[in-house]
Amino acid sequence: MKILILRLSSFGDIVQTLVVPNLLKVQFPNAEIHWVVRSDLASVVELSPFVDKIWQVDRKKGIRGLFVLAKSLPQFTHIYDAHNNLRTGLLSRILKAPHFIRRSKQRWNRFFQLSLGLRGFKM
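I will try to describe carefully the structure that is included in this document. Just so you know, the residues in each chain are numbered from 1, in the order the chain's sequence is written. For this predicted model, a pLDDT threshold of at least 70 governs which residues receive local features, and a threshold of 80 or more governs which side-chain atom pairs are given and counted, while totals over whole chains, interfaces and linings are taken from all residues. In computing side-chain properties, one takes all heavy atoms of the structure into account and sets aside hydrogens as well as water.

In this text, helices come from DSSP runs of H or I with a minimum length of four residues, and strands from runs of E with a minimum of two, each type numbered from the N-terminal end. Assigned secondary structure in the protein consists of 6 helices and 5 strands. N-terminal to C-terminal, the α/β element order of the protein is β-α-α-β-α-β-α-β-α-β-α. Here the protein holds 123 residues, and 39% of them are scored as buried. In the protein, of all internal contacts separated by at least 6 residues, the share reaching a separation of at least 24 is 46%. Relative accessibility decides the category of a residue: with a 1.4 Å probe and only protein chains considered, values under 20% of the type maximum give buried, values over 50% give exposed, and everything between is partly exposed. Contact criterion: two residues are considered in contact whenever any of their non-hydrogen atoms come within 4.5 Å of each other.

Laid out in structure tokens, this is it:
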């Protein structure tokens, strides 16, 4: 089992996602866990002893850098998209893992609550 976590940026979100490799190793002790992160935040992911390989993406290289990275990545059995944005969506489509999970950001609920003051967002 080879698992890829996609969480590219946002220091606090990366810190919150650091629990995921630990939980995966408890459930699947022989799993190989990889993580794609922006290069300027890779040192945060390095804090986790449960991540076997860290793949860095340089934000200055833009989408082109993402495609170059995608070509160098191995095949994964599972992908967890904890970022859920255009870049991770493209990357996950290129990699085509048999098992894929995307974290919902509930964008519409957030929009209705924060922009329009409507109470549709479930916390």
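From this point on, the discussion continues.
So, about the packing of aromatic side chains. What describes a pair of aromatic rings is the distance from one ring centre to the other and the angle between the planes of the rings. Only rings of Phe, Tyr and Trp enter the pairing, Trp through its six-membered ring, and a pair is recorded when the two centres are within 6.5 Å. The plane angle decides the type: under 30 degrees is stacked, over 60 is edge-to-face, the rest tilted. Applying the stated criterion to the full structure yields 0 aromatic pairs. Think of it as a cone above the ring: NZ of Lys or CZ of Arg counts as a charge over the ring if it is within 6 Å of the ring centre and within 35 degrees of the ring normal. In this structure, Lys53 packs its charged tip against the face of Trp55, placed 4.6 Å from the ring centre.

On to the sheet that holds strand S2 (residues 32–38), then. Taking strand neighbours across the sheet as the criterion, the 5 strands line up as S3-S2-S1-S4-S5 in an open arrangement whose pairing is parallel. With one partner strand each, in any of the chains shown, strand S3 (53–57) and strand S5 (99–102) form the two edges of the open sheet. Ignoring which end each strand starts from, the neighbouring axes of this sheet average 15° apart. Between any two strands, pairing holds if DSSP finds at least two bridges. Pairing geometry for S2 and S3, over 5 bridges, is parallel. When the sheet's bridge partners are listed, His34 is paired in S3 with Lys53. Axis definition: a line fitted to C-alpha atoms, over the contacting stretch in the case of helices. Angles run 0 to 180 degrees between N-to-C directions.

Attention now goes to the pairing of strand S1 (residues 2–6). Extensive coverage of S1 is indicated by the burial of 4 of its 5 residues. Examined bridge by bridge, S1 and S2 share 5 bridges and lie parallel to one another. Directly across from Leu6, in S2, lies its bridge partner Val36. As paired elements, S1 and strand S4 (residues 78–81) share 4 bridges and run parallel to each other. Each bridged residue has a counterpart across the sheet, and for Ile5 the counterpart in S4 is Tyr80.

Between Lys or Arg on one side and Asp or Glu on the other, a salt bridge is scored when a side-chain nitrogen of the former is within 4 Å of a carboxyl oxygen of the latter. Throughout the structure, instances matching the rule amount to 4 salt bridges. Two residues, Asp52 and Lys25, come together in a salt bridge whose shortest N-O distance is 3.1 Å. Here Asp52 is found in the loop between helix H3 (42–45) and S3, whereas its partner Lys25 is found in helix H2 (residues 19–27), with 27 residues between them in sequence. You can call Lys25 buried: its relative accessible area is 16%.

Okay, helix H4 (residues 62–72) next. Listed in full, the buried residues belonging to H4 are Gly65, Leu66, Leu69 and Ala70. Burial along H4 is one-sided: seen end-on, the buried residues are contained in an arc of 145°. In this structure, H4 carries Arg64, Val68 and Lys71 as exposed residues pointing more than 90 degrees from its buried face. On the buried face of H4, the contacting elements are S2, S3 and helix H5 (86–95). The arc refers to the directions leading from the helix axis to the C-beta atoms.

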